[in-house]
Structure formats: structure tokens, C-alpha cells
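Observations on chain architecture
Below are the chains, spelled out letter by letter.
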4 protein chains.
Amino acid sequence: MNDQRGRPGRKRSEESRRAILTAAAELTAEVGYASLTIEGIAARSGAGKQTIYRWWPSKADVLLDALATKADLHIPIPDEGTYEADLRAFLAATFALGSRPQVVELLRALMAEAQINAAFGERFREMFLAQRRAALGTIVERAVARGELPSGLTSQTVIDIVFGTLWYRVLAAHRPVDQALIDELVTVLTTRRQS
Amino acid sequence: MNDQRGRPGRKRSEESRRAILTAAAELTAEVGYASLTIEGIAARSGAGKQTIYRWWPSKADVLLDALATKADLHIPIPDEGTYEADLRAFLAATFALGSRPQVVELLRALMAEAQINAAFGERFREMFLAQRRAALGTIVERAVARGELPSGLTSQTVIDIVFGTLWYRVLAAHRPVDQALIDELVTVLTTRRQS
Amino acid sequence: MNDQRGRPGRKRSEESRRAILTAAAELTAEVGYASLTIEGIAARSGAGKQTIYRWWPSKADVLLDALATKADLHIPIPDEGTYEADLRAFLAATFALGSRPQVVELLRALMAEAQINAAFGERFREMFLAQRRAALGTIVERAVARGELPSGLTSQTVIDIVFGTLWYRVLAAHRPVDQALIDELVTVLTTRRQS
Amino acid sequence: MNDQRGRPGRKRSEESRRAILTAAAELTAEVGYASLTIEGIAARSGAGKQTIYRWWPSKADVLLDALATKADLHIPIPDEGTYEADLRAFLAATFALGSRPQVVELLRALMAEAQINAAFGERFREMFLAQRRAALGTIVERAVARGELPSGLTSQTVIDIVFGTLWYRVLAAHRPVDQALIDELVTVLTTRRQS
DNA sequence: GAATAAACGAGACGGTACGTCCGGTCTTCAT
DNA sequence: ATGAAGACCGGACGTACCGTCTCGTTTATTC
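Residues numbered from 1 in each chain as written. Chains lettered and ligands numbered in written order. Predicted model: local features only at pLDDT ≥ 70, side-chain atom pairs only at ≥ 80, totals over all residues. Heavy atoms only, no water.

A tally of regular secondary structure across chain A gives 9 helices and 0 strands. Projecting the C-alpha coordinates of chain A onto the three principal axes gives extents of approximately 70 × 40 × 30 Å. When each of the 195 residues of chain A is scored for burial, the buried share is 48%. For chain A, the share of sequence-separated contacts (at least 6 apart) that also reach a separation of at least 24 residues comes to 65%. Computed over 25 positive and 23 negative side-chain charges, the inter-centroid distance for chain A is 5 Å. (Helix = DSSP H or I, 4+ residues; strand = E, 2+ residues; numbered from the N terminus. Buried < 20%, exposed > 50% of the residue type's maximum accessible area, 1.4 Å probe, protein only. Contact = heavy atoms within 4.5 Å. Lys, Arg positive; Asp, Glu negative; His and termini not counted. Charge placed at Lys NZ, Arg CZ, Asp CG, Glu CD.)

Put into C-alpha cells, the structure is as follows:
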């Protein structure tokens, strides 16, 4: 990826990169995404503006990178044996993540930016949303293979419903995702129906 | 509301108001929300900037007002006799609305702004989202009264799932709401379960 | 002047006029001429902006009017019997006026405006400067008639030198006109020379 | 003065500086000082507004700089041997300058601004007026040393009378400084008196 | 080791839009 | 017809950031 093979010249400074990502995350928490500026990130991190523009196309991309760098945000793909248990485990992991206000704020900002800036939207969808969909997709496909999915439901729709409901609570309702919601979602998406 | 009784001074110009709302809507369609500016709206509408700032706190509020002024966006509360039919009718109406690209673009922009600007978020939730929730709420409450709601499902969760899935398709998936999704949503949210 | 004979409609309010002139003078003293605005005068005086625009073409004209209304600013034309005594009396009267800071401030502002706004400059010259020149002119002409003027000096130049020096101290030197200056001016402009 | 030794960052653009000063001078000549705007200067010079604000506190300071940059405005200190000849030479040089309408307009505007804006007034007095006073001061001091000054006249008063009369003609009388005035001034300020 | 080349902090640059202020005009209702 | 109130269009203000462009300096690779 970062094709540094034998190129002359100074190497990218990992120190600067970290300082920039940290400054961006802190500033977002302190002043909010709307008041976050490239100049502010540069000033806080001690980097020059050009250094930021050299490596990221926008402030949203800096934050997306900062998010991706947080290793602990990884949501594992559970394998509990049954579709219901897997789904419940997946939702519980997501729920845990949702209880960290700073992360939630970041996600709201990035989703917003994705609506306004089409190019970033593309990157956000590919680098973030698609990965989450893939994780849940694995679980649902397993259920399909086992015949556990309720009839009349495609796996894509299950995924849309799960993520849609979670995002809606964050974006529109401003209510945290809670245990009750998880229970109801699992109920709706798993229980077999009468003919 | 606009208590003009016997107040001295010139009255608010309805002509300017219309010109501003129209210009804002047109410009959003032409250049996109990100490139929409108050100055641009003023120039296009022939109004002074101050006139815009006097009546709306931000460009998003202008668009929200423009949206509210479009009478044809009203979603009726159907009463077809059964919960399933009502829900299907409600979704069909929403689906029809979603097939108008300009409206969808507007909604995406407003939802984005609501994430970034907390004060506008409050207004957007109260003046737009709450009304839609109330409409669907009426339908669902009727179902509850009739005992048609699947057990283990609260009416608020039904609403979250419905709007969540619709918004998710618009915001994250960039896939239009289609008939297949409607069918699956209705299936999931109506069918009685085996004990 | 104010030809109100038999005109229909409400008469000009003397109360408003006074309030406006007072407010303008006070505001100039409080915030300075640069920060004086028509809106400010209207607000302070309780008048509408239109009322001010109806009767004065600019804020400088309001102040010029306020100045003219101050009756005590009148400089009498002395007649002491000799040119030297007259000149000294005239300068003493002007000197007394120059010791009132507010008046000096006003004069500085009006002279400044006269440079920047040609139309007002014309009015200022005619309504203020010309009157002062005429007063001193009477004195000097009397001296000419008596043969008291030093040879090689025209009356216009005497006037230019007197007012020039006084204004210069106010505008450029920021030093008050004092007794020493008066003495020296009198000396220069009266003493007969050796052939 | 401009201590650029080893400072990091891009250097100030001399090209921009020149373009701004030229544009300001031209615009003043074309539309007058009252209609001169920072935005206009920026537009005409091709510079950004911020570049102007970075280096000059007001439009008057831009003009003062433009004036100072005009090398040909320098008034030499003559040394003709006698006070009278020196004074006459100094006045002739000033008179020549006064016959350039653009320069006179500029001086009127700056003197006006100096009345209205106290901070600029200070700069104008120090950077322009004081230099002229110093030049004439040299001449007059020489006369004092030689005992050529009329008795009862201090050197400061001579300077006040000279500059006062010149400025008054420009500011108040709107009559150019002419040869007759020079002659009369020299007469008044040099001739010995009868006891 | 010298030359070359890239990245770095710093900061000036041309731009664009911001939100505010005020100018001068125009209703509106009351006197 | 005047007057107070206040909305209107217009234009400039001074500021904040954008994204780009020098600068001088530091660090690496190649000759």
C-alpha cells in the first residue's frame, strides 16, 4: 500500500500522524465537529497544514482514520452455535460501543459528512459501513445455510433492519441503544411464524 | 402565531419569503447542500442577507421551512381496517415520496445538518421527525388496541424499526426504498408468532 | 424660511428637532464622531430614521445644525478703537471657545467631514467658515480704512493666517490655542515694518 | 526594520504590496476617498482582503504608505544663506507640491481621517506632519542662531503660522497656494519691525 | 561526502462566505 | 402631512478558514 520501496527523501513521520489523529479526536470532543478545522488540528498537533493536506483529503477523513486506528472498536463475529445467540452477541457488542459518547458523536459526524460530501460518503461506506455489514452478513448467511431465517426475509433486509434501527436511534431519536431494543429486535428477526 | 395586531412598522413581505424559499430549494437542487450559501440564496432571490437572517437562523432552517411549505409532502394516516393494510398503505405513501430525488436529497441534507448543529437538530426533530412518528404512532396504537401487534413488541420499537430501515436505506445504503423492502417489513412487523 | 403657511397636514415637531440635535451632540461626545450613526441618533432621541432624513441630509448636517443652535457660540465683532485691540479681542473670544473640548471635537469632526463629503463641505464653508471670515473681515477692513494694516499684506491673507494658525493648532498640533500664540499673532500682523 | 532574519514561513510578497498601494492610490483618484473601500482595493489589486488587513490597520494607512513610497514628494531643506531665501525656497517647494491635485486630495483625506480616527491621527502626525515640521524647524533654528527671527516670535509659532496657513488654504478655502501668498507670508515672518 | 529528493513546521497568499452593521428607502398605523 | 416603528435591499465591514504556495530545515537515498 504505502509504497516506500527505495524512494529517496524523508519518510513520513509517524509521530506527526499520531499527533494529528489525537488532536483531531480531542478537538472533536471539545468543540464539536462543526467547529473542527484543519487549522485547529494543525495548531493543536504542532503540525503544518500542508502535512495534513498531504495525507488526508478532508477533516472527516482524518477522523475516519482516527476511528479506524482505535483498535478496540473492532466488533468480533461471534459463533455461538445458533443464529439467535449470534445475533444477540453481535447486538450486545454494538450496544457496548454505543455507550461510549465520544464514539457515538464521531459516528454521527461522519455519517453527516457522508451525506454532504459525496466523495467522503463513498469512502465512509466502503471503509466503515461495508465492514460492519460484512460482519453481520457472515452471521446471517450462516443462519440462511442452517435454514434459521424466517421465511420471506432476505439476508440483506435483515441487515438493513438491524443497522437501520441502530443508526436511527443514534441519529434521529437521540435515545441510546438499550437492552430492551436488542430483545425486541432479536424477537422480530428470529422467531418462526405461524403459517 | 404571527401576532401582527396593530403593531407599527412595515409588515413582513410575503413576496420575499416565497422568493427566498424558492431560491433555496432550487439552489440546493442545482449545486448541492454543501455549496448552498446564504449569500447565494440572497442573490438568487433578490433579497438582502439581513432579511434572511431576520427570519431564519441558518440555511438548514430555510430548507426546513421550504419543505414544510410544500403542501404535497403530507403523508395521510390511512384507515384501512387492519393493521397490516394500514402499515402497507403508510409505507407505500412514504415509498412514493422517496422516489422524488430532490426531496430525498433535501432530507439527507437536513438529517446531516441535524447531526452537526445541535440547535437545528432539535428543531428538525420536533418539526419534522416527530410529526412522522406521530402519524405512524396513530396506526400502531390502533393495532395495539385491537391486539394486532405481535407479542414482545412495543409500539415505539415498531416505529423505530420502520423509520430506521427507511432512513438507513437513504442515508447509508443509497438504495431506494422498494416494494420488496415494504413487503418484508410488513411481514416482519405483523405476522403472529408460534408460541 | 420654514414656509408653513397654510400647508395641510401635521406641522414639524419642534420637540423632535430638539431631541434629535441633543441626542446627536451627546452621542458625539460619548462615542466619537466616527461611531455616530443616524440609527443611533434616532434610537437615542426616540425619533424615526425617516424623520431625520426628512430634515437633514447627513449626520454632519445634524451636528452643524446643533452647533448653530448653540447660541453662546456667537463671536461678537469688537470695536475697541484700534485694529490691534480689535484683533486681540477677536482672538481672545475664539480662544475662550477653544477651551471647550466638546466644541473643539465637533469642529474637528465637521472640518474632517467637509474634506470627505464635498456637498457638506460646501454647506460647512458657507454656513460656518464664511461667517467667521466675515466677522474678522469687518475688523480687518476697518484697519485697512484706517491705514493700520502693515504694507504688503492684503486683508484676505490676514484672515487666512489667523484662521489657518488657529485651525492648524486644533487639527494638526493637538495643542490648545493659548495666550502666547495670541500675542505672537497680534505682533506679527500689526506691527509696522521698517521700510 | 522588517526583521526577516531566519524567520520561517513564506516571505511577504513585495509584488502584492506594490499592487495594493498602486490600486489604493488610483482608486482614490477615481472615486474619491469616501468611496474607497478595502474590498475595492483588494479587487483592483488582485490581493485578498486578509493580505491588506495583515499589513495595514485601515485604508488611510494604506494611503499614507502609498504617499511615503512616492519618493518624489520629498521636500529638501534649502540652505540659501539667509533665512528669507531659505523660507522662500521651502514655500516654493511646497507650493509646487500643492499644484498636483492628486496629492492635495490625498492630503485632505488623510488629514480628515486623522480627525476622525485617533489612532491613525497619531500615526499621521508622527510619520508625516512631524517630518515636515522638522524640515522647516531646521531652517527656522538656523535663523534663530543668526538672530534673523523677528523679535517676539518663537520658532514653533513661525512653524504653526506657515503650515497653518498652507493647510487652511487647502482644507477650508479651497484656494490653491499661490505666489502672492508666499510673498506675503515671507514678508510677515521675516521683516524686522520698528521698535 | 555531495547531490538529490521528499517531508516537515511555519506562515503568507488569493479566495469565499460568514454574520453584523448601517445607509437610505419603503410601508404601516396613529396623531 | 408628520411621526415612530420597523422591514426592505444593498454594500462594506472585519474575521475565519479554505486549500495552495513558498520558505528554510531536516532526514533519507543515490551517486
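Facing 37 residues of chain C, the contacting portion of chain D comprises 38 residues. Across the chain C/chain D interface, buried area totals approximately 3600 Å², and carbon plus sulfur atoms make up 59% of it. On inspection of chain C and its partner chain D, the count reaches 4 salt bridges. At the boundary of chain C and chain D, one finds 16 residue pairs in polar contact (both at pLDDT 80 or more). (Buried area = accessible area lost by both parts, 1.4 Å probe. Salt bridge = Lys/Arg side-chain N within 4 Å of Asp/Glu carboxyl O. Polar contact = N/O pair within 3.5 Å; in protein donor to acceptor, adjacent residues only side chain to side chain.)

Neighbouring residues of DNA strand E: 44 residues in total, closest Thr-51 of chain A, Tyr-53 of chain B, Gln-50 of chain C together with Ser-16 and Thr-51 of chain D. Restricting the count to atoms of DNA strand E within 4 Å of the protein gives a sugar and phosphate share of 66%. Thr-51 of chain A is positioned such that a nitrogen or oxygen atom in its side chain is 2.7 Å from a phosphate oxygen of DNA strand E. When residues of the surface near DNA strand E are traced back to their parent elements, those giving at least two are helix 3 (49–55) of chain A, helix 2 (38–45) and helix 3 (49–55) of chain B, helix 2 (38–45) and helix 3 (49–55) of chain C together with helix 3 (49–55) of chain D. For the surface near DNA strand E, the per-class residue count stands at 10 nonpolar, 18 polar and 16 charged. (Near = heavy atom within 4 Å. Nonpolar A, V, L, I, M, F, W, Y, C, P; charged D, E, K, R; others polar.)

Time to look at the interface of chain B and chain A. With 38 residues of chain B at the contact, the number on the chain A side is 37 residues. The salt bridge involving Arg-169 of chain B is made with Asp-160 of chain A; its shortest N-O contact spans 2.8 Å. For the pair chain B and chain A, the number of links is 16 residue pairs in polar contact (both at pLDDT 80 or more). Of all the secondary structure elements, the ones that give two or more residues to the side of chain B that touches chain A are helix 6 (101–116), helix 7 (118–146), helix 8 (155–173) and helix 9 (179–190) of chain B. The dominant element in the side of chain B that touches chain A, judged by the number of residues it contributes, is helix 8 of chain B, at 12 residues.

Residue and element names in this part refer to chain D. Applying the stated criterion to the full structure yields 71 salt bridges over all chains. A salt bridge links Arg-142 to Asp-86; the shortest N-O distance between them is 3.0 Å. On the criterion of sequence distance, the pair formed by Arg-142 in helix 7 (residues 118–146) and Asp-86 in helix 5 (residues 83–98) is long-range, its members being 56 residues apart. Arg-142 sits in the partly exposed class, given a relative accessible area of 22%. In this structure Asp-86 comes out as buried when scored by relative accessible area, which is 0%.

After a rotation of 179° and a shift along the axis of 0.0 Å, chain B superposes on chain A with an RMSD of 0.1 Å. The transformation relating the two chain copies, once decomposed into turn and shift, fits a two-fold axis. The share of interface residues of chain B whose copies in chain A are also at the interface is 97%, consistent with both copies meeting through the same surface. (Least-squares fit on C-alpha atoms with pLDDT ≥ 70 in both.)

What follows concerns the protein's contact with DNA strand F. DNA strand F sits among 49 residues. The nearest are Gln-50 of chain A, Gly-9 and Thr-51 of chain B, Thr-51 of chain C together with Tyr-53 of chain D. The protein-proximal atoms of DNA strand F, defined as those within 4 Å of the protein, are 70% sugar or phosphate. Residue Gln-50 of chain A places a side-chain N or O atom 2.5 Å away from a base nitrogen belonging to DNA strand F. Between Ser-13 of chain B and DNA strand F, the recorded distance is 2.9 Å, taken from a backbone N or O atom to a phosphate oxygen. The set of elements that each furnish at least two residues to the surface near DNA strand F consists of helix 2 (38–45) and helix 3 of chain A, helix 3 of chain B, helix 3 of chain C together with helix 2 (38–45) and helix 3 of chain D. Looking at the surface near DNA strand F residue by residue, the classes come out as 11 nonpolar, 19 polar and 19 charged.

Structural remark: α-helix, 3.6 residues per turn; residues separated by three or four positions point the same way. Residue and element names in this part refer to chain B. Helix length check: helix 7, at 29 residues, gives a terminal C-alpha distance of 39 Å against a target of 42 Å (1.5 Å per residue), a fit within 8%. Of all the bends in helix 7, the largest measures some 40° and sits at Arg-125. Put simply, Asn-117 is the residue that caps the front of helix 7, since its side-chain oxygen is 3.1 Å from the backbone nitrogen of Ala-119. Of the residues flanking the end of helix 7, it is Gly-147, one or two places downstream, whose phi is positive at about 75°. (Expected span 1.5 Å × (residues − 1). Bend = angle between axes of the 7 residues up to and from the residue.)

Glancing now at the packing of helix 7 (residues 118–146) of chain A against helix 8 (residues 155–173) of chain A. All names here are of chain A. Taken N-terminus to C-terminus, the directions of helix 7 and helix 8 make an angle of 125°; their axes are 9 Å apart at the nearest point. As far as their axial angle goes, helix 8 and helix 7 are oblique. Crossing handedness for the pair helix 7 and helix 8: right-handed. Contacts between helix 7 and helix 8 involve Phe-124, Phe-128, Leu-129, Arg-132, Arg-133, Leu-136, Gly-137, Val-140, Glu-141 and Val-144 from the first element and Ser-155, Gln-156, Val-158, Ile-159, Asp-160, Val-162, Phe-163 and Trp-167 from the second. Looking at the contact of helix 7 with helix 8 residue by residue, the classes come out as 11 nonpolar, 3 polar and 4 charged. (Axes fitted to C-alpha atoms, helices over the stretch in contact; angles between N-to-C directions. Parallel < 35°, antiparallel > 145°, perpendicular 65-115°, else oblique. Left-handed = near helix turned anticlockwise from the far one by under 90°.)

What follows is about the packing of helix 4 (residues 59–69) of chain A against helix 6 (residues 101–116) of chain A. All names here are of chain A. For the pair helix 4 and helix 6, the least separation of the axes is 10 Å and the interaxial angle reads 140°. As the angle between them shows, helix 4 and helix 6 are arranged oblique. Along this stretch, helix 4 crosses helix 6, giving a crossing that reads as left-handed. Across the interface between the two elements, Ala-60, Leu-63, Leu-64 and Leu-67 of helix 4 pack against Leu-106, Leu-107, Leu-110 and Glu-113 of helix 6. Across the contact of helix 4 with helix 6, the residue classes tally to 7 nonpolar, no polar and 1 charged.

Turning our attention to the side chain of Thr-165 of chain D. Among the secondary structure elements, Thr-165 of chain D is positioned in helix 8 (residues 155–173). The class of Thr-165 of chain D is buried, set by a relative accessible area of 0%. Beyond its immediate sequence surroundings of up to four residues, Thr-165 of chain D is in contact with Asp-160, Ile-161 and Gly-164 of chain C together with Asp-160, Leu-181 and Leu-185 of chain D.

Turning to helix 6 of chain A, a few remarks are in order. Residues and elements named next belong to chain A. Between its first and last C-alpha atoms helix 6 spans 23 Å; for 16 residues at 1.5 Å apiece the expected length is 22 Å, and the two agree. Most of helix 6 sits out of view: 12 of its 16 residues are buried. Restricting attention to buried positions, one finds in helix 6 the residues Val-103, Val-104, Leu-106, Leu-107, Arg-108, Ala-109, Leu-110, Met-111, Ala-112, Glu-113, Ala-114 and Gln-115.

With that settled, consider the environment of Asp-61 of chain D. All names here are of chain D. Locating Asp-61 in the fold gives a position in helix 4 (residues 59–69). For the pair Asp-61 and Tyr-83, spaced 22 residues apart in sequence, the C-alpha separation works out to 35 Å. If we ignore the near neighbours within four places in the chain, the residues touching Asp-61 are Trp-56, Phe-120 and Arg-123.

Chain D makes no contact with chain A, the minimum C-alpha separation between the two being 11 Å. At the level of C-alpha atoms, the two units chain B and chain D stay apart, their nearest approach being 16 Å.

Below, the discussion takes up the environment of Trp-167 of chain A. Inspection of the secondary structure assignment puts Trp-167 of chain A in helix 8. Residue classification places Trp-167 of chain A among the buried residues on the basis of a relative accessible area of 10%. Along the chain, Trp-167 of chain A and Leu-107 of chain A lie 60 residues apart, while their C-alpha atoms are 9.3 Å from each other. Setting aside its immediate chain neighbours within four residues, Trp-167 of chain A contacts Leu-107, Met-111, Phe-124, Phe-128, Leu-129 and Ala-172 of chain A together with Tyr-168 of chain B.

Within the secondary structure, Arg-108 of chain D is located in helix 6 (residues 101–116). There is a polar contact of 2.7 Å between the side chain of Arg-108 of chain D and the side chain of Gln-115 of chain C. A distance of 2.7 Å separates polar atoms of two side chains, one belonging to Arg-108 of chain D and the other to His-174 of chain D. Apart from the residues lying within four places of it in its own chain, the contact partners of Arg-108 of chain D are Gln-115 of chain C together with Val-170, Leu-171 and His-174 of chain D.

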